[in-house]
Every structure is written in C-alpha cells, then in structure tokens.
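Overview (structure and organization)
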Amino acid sequence: MLDDANETSYSLQDQANINAVWASLIVEECSRLGIVVSKNFLPLDFFCSICLIDTFFQYFCVAPGSRSSPLAIAASSHPLTTCISCFDERSLAFHAVGYSKGSHKPAVIITSSGTAVSNLLPAVVEASQDFVPLLLLTADRPPELLDAGANQAINQVNHFGSFVRFTFSLPAPTDNIPARMVLTTIDSAVHWATSLPFGPVHINCPFREPLDDSSDNWMLNCLKGLDIWMSGAEPFTKYIQLQNYLACKAGACVPMAEVLEIIKGTDTGLLLLGAIHTEDEIWAALLLAKHLNWPVVADILSGLRLRKLLPSLPEIEENVLFVDHLDHALLSEGVRGWIHFDVIVQIGSRITSKRVSQMVEDCFPCTYILVDNHPCRHDPSHFVTHRVQCSVRQFVDSLMQSQFSHRSNKWCFYLRVLNTMVAWDISFQINAEYSITEPHVAHVITEALSAESALFVGNSMIIRDADMYGRSCKTHAQSIAHMMLDSELPCLSIRVAGNRGASGIDGLLSTAIGFAVGCNKQVLCLVGDVSMLHDTNGLAILTQRVSRKPMRILVINNHGGAIFSLLPFADKTDPQILDRYFYTSHTISIQKLCEAHSVRHLPVKTKVELQEALLKFEHEKTDCVIEVESCIGANSTFHSTLRKSAQQAADHALSILSRLPVGVSISDGLFLYKIHKMNFSLYRIQLCAPPTSSSADHHHNEFHREGYILSVYLEDGSVGYGEVAPLEIHKENLVDVEEQLLFLLHIIKGIKIDVSLPTLKGSFTSWIWSNLGIMECSIFPSVRCGLEMAILNAIAVSQGSSFISMLQPQMINEEIYEKSSVKICALVDSNGTPNEVAYIASSLVEEGFTAIKLKVARRADPIQDAAVICKVRNEVGPCVELRVDANRKWTYEEAIQFGFLVRDCDLQYIEEPVENVDDIVKFCEETGLPAALDETIDNFQESHLNMLAKYTHPGIVAVVIKPSVIGGFEKAALIARWAQKHGKMAVVSAAFESGLGLSTYILFSYYLEQLNVVYTVMNREIRPSIAHGLGTYKWLKQDVTAIPLGIHYDPCKGFMGASVAGAIQLLKNFKVNNNVIHKTFNEEQVHRYHLTVNSKNFSYSIKVHEVGQESNVSTGTS
Ligand SMILES: Cc1ncc(C[n+]2csc(CCOP(=O)(O)OP(=O)(O)O)c2C)c(N)n1
C-alpha cells in the first residue's frame, strides 16, 4: 500500500498541469476512501470475506467526454481502481447504483458537462430514495464560460436539487488554492454519502483547458501540508462517528424498554420483513423470527421469501411460521375480517404487497414498530407508533436478551393452515397450467438460485409475481447443510435486490449488472420486456465483463406493459387505446438486440425449456439473455384464475377452521386428529355376472368379488371406512395389498392427521411421505385410494359432516343434497348378437338410463362391433348418450375401420380406441370421432399434469378416472380439474367396488360436478351434467353393507341418478355386513408385514417379522 501511496506522491509532482493534479488527488482519495468505507460499513465478520473477493477498492463508472478527461485519465490509470464505461450516462449511473447496492460502497460516476449530467437524474433519484451511496463527479466549464453561450455549458450547480445529500461545486483547478481542499471536499462528500441516511452526493468539477496532458506550469507549494497524506494510505480527513446506540441496550434505554414490554405483552404479533440488504442482517432477522415465535411475512426483498430448505430437516420450517401467501389469503373477505394483529414489528422499509399494507391499515389501531437504520419517514399510512432507528443486528441484539413467553399458538396454527391451503392451491393452479406462465417463472425461480447466486427483480409485474408466487425450495448442497445445522437456523436466504426507491422501469438491466459486480455473486436478473427496451444500453455494459461472475438475464416478453391489463380500468378501456397508450405493445426483437450486442440469447416457450435454460446457464461462463415468451391477455386471465382460486382456498381454510371441534388441542400444529388404530377385513360378495374386465372363462354361474374393508379409528372414537379391492386391471393383486395393509396397520397407530387433507391438492401426498414415511411411488394405488377414503370418512364423522361437505365446505346444504343426484351411465358387456345387445340397451333406456357405455373390441372383427353399435343406436334412438370402450384392444387399422363404420352413430366418445396411445390424437383427426382417455392415465409414470399435457387436442373429449387405479381421490381430483380446465369431461368410473366404494365415488362425482359448475360460470358456457361410470352397481348381488344404494330414475332431472343424500347416509351409518367378511386383521394378531419400494433409480423390499412377547420385541429384516 505504501508503495502505491509513494507512487502517487511521486506522480503528483510529475503531473503536467494543475488539472491533472486535482484529478489525481480526487481519484486517489476516492480509492483510499473505498477501503475505509468497506471497513466502516460492513460488519466485521463479513468484511473479511468481502476483502478476499474484492479485487479493487474503488469502482469508477466513466462516461466519455472531453471536459471530464482529466478525471477519466486519472481514474483509468490508477492501479487500485476498476473502471467501466458506457456512452449512455443514464444506464451508466444506474449501473453505479447497482454496484453500490451490491457492495454497500459508493461507486463513483464521472461525466462530461451538459445534458450528460442531466442524464444522471433518474439514477440519482433512485439512489436517494433507496438510500444508496453514490459519488457524482461531473465535469463542467469554468465560470467564465457559463451563461455566455459556450458549447455544452449548462447550469450544473445544484443540478440534482434535494435528491443529493451533499453538493459542492469546486473551483476550477488552480495552484492558488491548497490542494488539501480537494481532499477534504471528497472526504466530506463521501462522509455524507455514507452517513445515515445514505445517498448520492455531487461534486461539480469545472476544468479550464488544457484538458489533456500538455504541460502547463504549476506551483508545487500548493501541495503544502500533504506530506503525511502522501507518505501514507489513509484519507486526509478521517470521520469518526460515535454510535449512540451502543448505550441503548435493552433496559438501559427507556423507549427501547417500552418497545420490549409491548412485544412481550402481545399474543397476536406479526413480524413483517421488508427490504433487507445484507446477508448478516437477513440472518439477524431470521434469528429474531425464531426468537419471537411470531408469524412472519417476508417480502421478496427481505431475502427470506425465496428460502432454500434442507430436505433432511423437514420439520425445520415449523420453527418459524412464514406466512408466504398472506397476500393471496387476503383476497378472501372472510380472512380480511378475521385477521388482526395487535403488534406489528416491521424490519426494513418497503413492503411490496398492497394487500398486506392494506391489512396493516385495517389492523389499526395497533402498535406498529418500524425498524430501519435510516431516519426517514417510511409510513405512507401514518401508523408507525414506534420508529426504531438502528440496524437489524442492533435491534435483534437488544431483543435476544429477553425471553418471550408464547401464550397462545392457536393464532399461529390458524395462520399455518390458511397459508398451507392457499400455497397448495397456488402450486396446483400453476402446475396444472400446461403452458408457461409468468407466475410459473416466479414459482420456480428459487430452483435456479444457489448459495452463490443473488436475484435482481425488475419492477412492474416481475416483483409482484415473485412476491406473490415465489416459494421456498429444497437444496441438496452439503456445504449449506452443515452451515444450517451449525447455526440451528432453518434455511439459506437468497439475497434479493430491486430498484424500489422510485420503482422506475428505467435502468433496471444496468442496475442488475452493477449489482452483480458489487455483490460478486452470480446474479439472476428478472425484467419485463418494456423495462428491457427502456435500458437496452445496459447490454453495452453487459458486454464489458469487469470483475464479475456471469449473469443470467431473464426477460419475460409479453410484448408490452402487462401490468396495465390487471388494473381496474383495463376492462373499461378501448383495447386500441390500451394497446397504444398503456401496454405500448411492440414487436421489437429482443433476440436481434442481443445479436447486435453479441450477447447470447436463448428463447424459451415451454416450462421444460425454461428449466433447461436456467440449468444450462447456471454453470456457463458467459452471460446470457433468456427470453420467456408470454402474452398480455393470457397472463391477465391466468392471474385472475389464480386469484379466484386462492380466494376459494382461503375461504375453504376458514371454514375448516371454524368447524374445528370445540376444545380441540392444537398443540400438534396442523394435526388435529390422531389415529387410534386401523384394522381391515377381507370380504367376498356375490356378483350377478363376471366383471367386464375379467379375462377368465366363466363356466359356472357364481361370480364373486373380493376386497378389503379398512376401518380407521380416530382417538375421539370416530370411525371411517375405506375399500381396497384390486382387480385384473390393477397392477397389484389381493396378496400384494394384504402385505401392504399389514405394514400400514403397524405404522399407522398414533399417526396424526393433517386438517388440510380434504383439500386434495397435494396434501395427502406430502402427508403419506412425511407422516407414514412411504414414498408416493411405493404405495399401491388401490391401497392409497382405500386409505384416503377411510381417512376422509373418519374426519367427516369426527366433524359430524359428510365426505362431500369436507371436500367442498362452502356448499354444506343438506336441502340441496336431498334434491341432488349424480347421473349414472349404464355399462353393457355387449356379448351377444346385435339384436341381443340392442335389446339389453333399450331395456336400460326404459329403466331410465340416458347414457350407456358398451364394451367393444372383444369380437374377432371390428365390423361386428360396428354392427352392434349401429343396431343399438337404432334401437335406443338419438337422445341417449352412447359411449364405447375398446380398452386399447384394436390396432390402429382396426380402430379406423370401426370408426368409419360408426361415424353416423353419434357416439359421445370412444374410450381408448387404439393399442398405441401415441395414435389416439391421429385417430381423432382421421375419423373426426371424439375419444376418451382411460388406461392412458392409469399408466402414467411421472407427474400426471406433465403427461396430460400431450392430450389437450380437442378430439379428446373426456378423461375416465378410476380412483382406485390411479391412486386415490387426490390424484383423481387433479386429473379432473385438468380436464375441466381444458373443457373435457371428467368421468368418474368404478372398478366393480362394493356399495362402500360406490357411495364414496357418487359423492366424489358430485364434488366434481360442482367444480364443473364453477368453470361453466367462469367461461360463460353451458356444460351439461356428466354421466359417471358407476353403472357397475348392477353387478352387485350381495353387498358389504345392508343399506341399499339410492340409485333410481330421477323424474325431475330425467335420468338415472344416484342420490347424494343416500350416499351420505350410507357412509354415515355404515355397518359392515359380517356375513360377507371372511377374515379380519388387527394389530394384536399380526406380526408380519412387508413393503416394497420402487423408484426410478432404486428398489428395495422390507419384510418384518415380529417374534417373542410384546414386552420383548425383536425384529428381523430380510
Ligand atoms: C421510468 C418509468 N416510466 C414509466 C413507468 C410506468 N410503468 C410502470 S410498469 C410499466 C410497464 C412495464 O412493462 P414491462 O417491463 O414489460 O413489465 P410487465 O408490465 O409486462 O410486467 C410502466 C410503463 C415507470 N414505473 N417508470
């Protein structure tokens, strides 16, 4: 360092002219101050790590110009500075803002005179409003050239008005003034910039000619008094601030003691985290959250909204209750009326969500404590009752010394349920949408971030979407795992920055690049297209890779300003006016802009492409622009769907909470019910005929159906029943399921049941994994279906409600149930001649059926099948809905042959016409006939939503859903919602279950019908009621219950329908008919169980056989 300083003193005396002397003094002092600022403004522990990565001490952003050349030359030739340049001062200044945001050190901007200076204003405003230190060195004409018509001369004094913390116009350099004055001016300016409230400072620097290094004698004695400075490496004036907060520890400071008392005294506190700028402050905030045990609403800029969690510590999120989806929960009027906080502690000034801010207003009067290190008022609603001016660390320090008693966690419990249900809903909606959406980008973005990355969020929709739909996700990084475990803190935070000082859409790209330099991380920048176009000159900065890691810039291109489509006036304004004056719709090619700047560009049109692009570029060494294609109209519709659905989910949560049994203990978090025990019984009932799926030859007249009835007992004495009855169409058989049920029988005792299971939006899947420890892929579909059935029925009994009211609590209305029925489709095996089959079909029509499904593809020739269908259509007339089911038994040619022959039969659909599922769409196109999926969805290996994406073709008009084959009601509901969303019929189908399974399917079908009504209303279309495939009830000669199924002709509706009230009663009063039970398994009798786990990459099997006395149990595994 000394050597460098000596070098400076040496070169000072050697400078050709006084301009160069002053310019070198300015640059050298800035360089020295860069180090001091690092030491003073970063926490000590953090400083060490910063120093290691900091390859330069002062960052100069230099715009070209002649008047500023002394400064530009001095900066660019200084050994300890880093310089970057851009022809566009506005972009350059934003870049400087970004750097200062990232590094917490003021970047220095050098510009020429004239409008070059004026172009700094937008960035100066942002810096001022967001407390970002910045030093502006603007070259100027000397006074004699001002106001005299000289070129490029404007009044630059006080040019930035109140937006700068300090402004000073130096005299033009002269040896008549001691050069020390230059140093003290810089010191003073930087002191202002880095004193609270941080902000920009301006030094105007007039220069007389010569502006180059031509010799012009100057007097060395102007350097008088600089000896010590020249021989050292310190700034000339050292500013020392005694921080008065040191004395203000809890208790020692009266106002702080009052704050402590308030915090201690509340039951309903909320910790609101606004923008937090450094990693250590983020950690401090997290510590505080854990210590207070209050619910936390973390803004996207807090760094704690997009958390990375360790999968090995699933319980860790339970330590801190993050109410990430409060914004969308507040869409529910019920939630708005119910939610209230007595004390709100807000850390950091800015809150992105308007709804959360509105909620804070609605909580008034309450105690509202705002903590931030600057002294400015950040209280647009004028509610702040206590303004604590200190850093987050200081505040947390003072609170950590006190203990807080947690009197009631009921509040937290309610919020947790609410948040979880809204979160599931949002995830479901986003995942169910096949095409890539803007909320999807926000939803998955955390996955693209690692400990080494940071996020810069643009304005407009981007920041709002990230705040509303961003989510935490799991990380597998071992190093982080250790870090988290050591600190006992639950997660890794992701540093997030944005330009929220003035929320401009200008300069975002440049700021992001500066932020990447300043924080020295791999920055992912999200911006809208108009924002990008506003700052394309940022691309010119991007291509000068100076001391920074590669960046990913993700542009969401909806071809205009989509935010305006979400504003209330959008519906009422002429689309052309909207397009032109609000959206500023455009067709500018971002790809070509990138090409022009030689920046890598990657277009993204699908979710998979996005994932691949983010992954690909995470480890690449070059910068890239990823352009996600979007569209204003679709974005607006999807946001509206998300809002409506989240509101319903919040209402649903409230209704679950409001119906919790009085006096119920909520000490177990979300788990309200405990399973006392489970048992299961093998039943065998007579059928009238063999199931249509049966392949065996039936020479005798006795046909049977076997399966298990599960009984799940809750600790409060409620019992719920479920049915597990695999057939040939299942992959598992009775022996398999018996093994698995034995396993369940042992592990299920004492397991808690999550209150949110009835939402059917992923809750069961996560419950089975996190509570039973069973991977989704290992539980047999029929077992999962029976288990879901039994548990849902048990909760219904415990709540004194019904299966249907639980799924759709808003609809509880006994009177409506009394009048409601579910349309049933009759099933015809269609063995026999055309006449025989037609006779059976017309008898069914006479009975009251208006929908019939006929099995086909069992004859040698599709021509024969076609003859049967034509005959049936002839007999039953045109009004009956006719469906046929080929069970994938035809080759493509056979299917086509059949299709052409039945073209005039007005089939509602042909189920699985072709053996090769990839041909199904082709079949629809070639024949013009509608088709339905059945076996296709049964065989899905990966995520149903991903697989279904292939079948949006309008020729596929229905999806036939057998809950026991696809693995339960949660999956069935997911597929049904997908179908409804895409305008297809969701048809529930039984697999020859008993009255128990059928009753549950009747209620489930009714639930889906109600969901369909929602779509009908939303899309203003007419969707007739759907006939469900529950006609198998006709096969039952015997049943597992004595209560008959209420399936009759419904004269009001004009179809054969299953009574909803009847199904509810059957389930409510369900008693097992012991005559059909052959064996019962309960825990006391069984000591042997087996679980096979099959996953993509591994497979294993656990067999446990218990031996000996219960008091002395030993287990053996093989
Ligand atoms: C400098 C500036 N000019 C105008 C605005 C007003 N404004 C807010 S959002 C927006 C449109 C932004 O469009 P885009 O970046 O494409 O994002 P999107 O709305 O599509 O998410 C505009 C013009 C602003 N915030 N800042």
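The structure contained in this document is the topic of the report that follows. Source: prediction; values computed, not measured. (Residues numbered from 1 in each chain as written. Predicted model: local features only at pLDDT ≥ 70, side-chain atom pairs only at ≥ 80, totals over all residues. Heavy atoms only, no water.)

1. Some words on the packing of aromatic side chains
To be explicit about the condition: Any pair of Phe, Tyr and Trp rings, taking the six-membered ring for Trp, is counted once the centres come within 6.5 Å. Such a pair is stacked with planes under 30 degrees apart, edge-to-face with planes over 60 apart, and tilted for the rest. Helix and strand assignments come from DSSP, with helices taken as H or I runs of at least 4 residues and strands as E runs of at least 2, each series counted from the N terminus. Charge-over-ring placement is defined geometrically: NZ (Lys) or CZ (Arg) within 6 Å of the ring centre, and within 35 degrees of the ring normal.
What the rule picks out here adds up to 20 aromatic pairs. Here the aromatic rings of Tyr59 and Tyr99 are separated by 4.3 Å at their centres, their planes lie at 25°, and the arrangement is stacked. Here the residue Tyr59 occupies a position in strand β1 (residues 58–62), and Tyr99 occupies one in helix α5 (residues 89–103), the gap between them amounting to 40 residues. Arranged with centres 4.9 Å apart and planes meeting at 50°, the rings of Phe569 and Phe582 form a pair that is tilted. Separated by 13 residues along the polypeptide, Phe569 in the loop between β18 (552–557) and α23 (575–583) and Phe582 in helix α23 bring together distant segments of the chain. These aromatic residues form a ring-pair network of at least three members: Phe803, Phe969, Tyr1001, Phe1004 and Tyr1007. Note that Lys677 overlies the ring of Tyr713, its terminal NZ or CZ placed 4.7 Å from the centroid. When the ring centre of Tyr892 is taken as reference, the NZ or CZ atom of Lys922 above it lies at 4.5 Å.

2. Some words on the packing of helix α27 (residues 734–747) against helix α29 (residues 781–799)
For clarity, the threshold we go by: Every axis in this analysis is a line fitted to C-alpha atoms, fitted for helices over the stretch in contact. Angles between the N-to-C directions lie between 0 and 180 degrees. Oblique is the label for any angle not covered by the other classes, which are roughly parallel (under 35 degrees), roughly antiparallel (over 145) and roughly perpendicular (65 to 115). For any helix crossing, the convention is left-handed if the near helix is rotated counterclockwise from the far helix by under a right angle, and right-handed if that rotation is clockwise. Only heavy atoms enter the contact rule, under which two residues are in contact if any of them lie within 4.5 Å. Amino acid classes used here: Ala, Val, Leu, Ile, Met, Phe, Trp, Tyr, Cys and Pro are nonpolar; Asp, Glu, Lys and Arg are charged; the rest, including Gly, are polar.
As a packed pair, α27 and α29 sit with axes 10 Å apart at the nearest point and diverge in direction by 45°. Considering the angle they form, α27 stands oblique to α29. Along this stretch, α27 crosses α29, giving a crossing that reads as right-handed. Contact residues: α27 offers Val737, Gln740, Leu741 and Leu744, while α29 offers Ser782, Val783 and Leu787. Split by residue class, the contact of α27 with α29 holds five nonpolar, two polar and no charged.

3. Observations concerning the packing of helix α34 (residues 892–901) against helix α35 (residues 920–927)
For the pair α34 and α35, the least separation of the axes is 10 Å and the interaxial angle reads 30°. α35 is crossed by α34, and the crossing has right-handed handedness. Between α34, through Tyr892, Ala895, Ile896, Gly899 and Phe900, and α35, the contact on the second element is made entirely by Lys922, Phe923, Glu926 and Thr927. The class makeup of the residues in the contact of α34 with α35 is five nonpolar, two polar and two charged.

4. With respect to the site of the ligand
For clarity, the threshold we go by: One heavy atom within 4 Å of a molecule or strand is enough for the residue carrying it to be called near that molecule or strand. In the analysis that follows, any N or O atom pair within 3.5 Å is treated as a polar contact, provided that within protein one partner can donate a hydrogen and the other can accept it, and provided that, for residues neighboring in sequence, both atoms belong to side chains. Per-residue and other accessible areas follow the Shrake-Rupley method at a 1.4 Å probe size, with only the shown protein chains counted as cover for residues.
Around the ligand sit 16 residues in total, of which Ser460, Asp529, Val530, Ser531 and Ala562 are the nearest. A distance of 3.3 Å separates an oxygen atom of the ligand from a polar backbone atom of Met461. Within the side chain of Asn558, a nitrogen or oxygen atom sits 3.0 Å from an oxygen atom of the ligand. About the coverage of the ligand: the protein hides 75% of its 580 Å² of free accessible area. Looking at the shell around the ligand element by element, the count peaks at three residues for helix α21 (residues 529–534). A class-by-class count of the residues in the shell around the ligand yields six nonpolar, eight polar and two charged.

5. Points about the sheet that holds strand β25 (residues 821–823)
Test applied: When DSSP finds two or more bridges between two strands, those strands count as paired.
Pairing is antiparallel in the open sheet, where three strands are placed in the order β25-β34-β33. Taken across any chain shown, the strands that pair with only one partner, and hence form the sheet edges, are β25 and β33 (1047–1050). Neighbouring strand axes in the sheet, compared pairwise and without regard to direction, differ in orientation by 45° on average. Relative to strand β34 (residues 1055–1059), β33 runs antiparallel, the two sharing four bridges. Considered in β34, the bridge of Tyr1049 is made with Met1056. Across the sheet, helix α41 (residues 1060–1068) lies against β25 and β34, angled at about 30° from β34, the strand it touches most.

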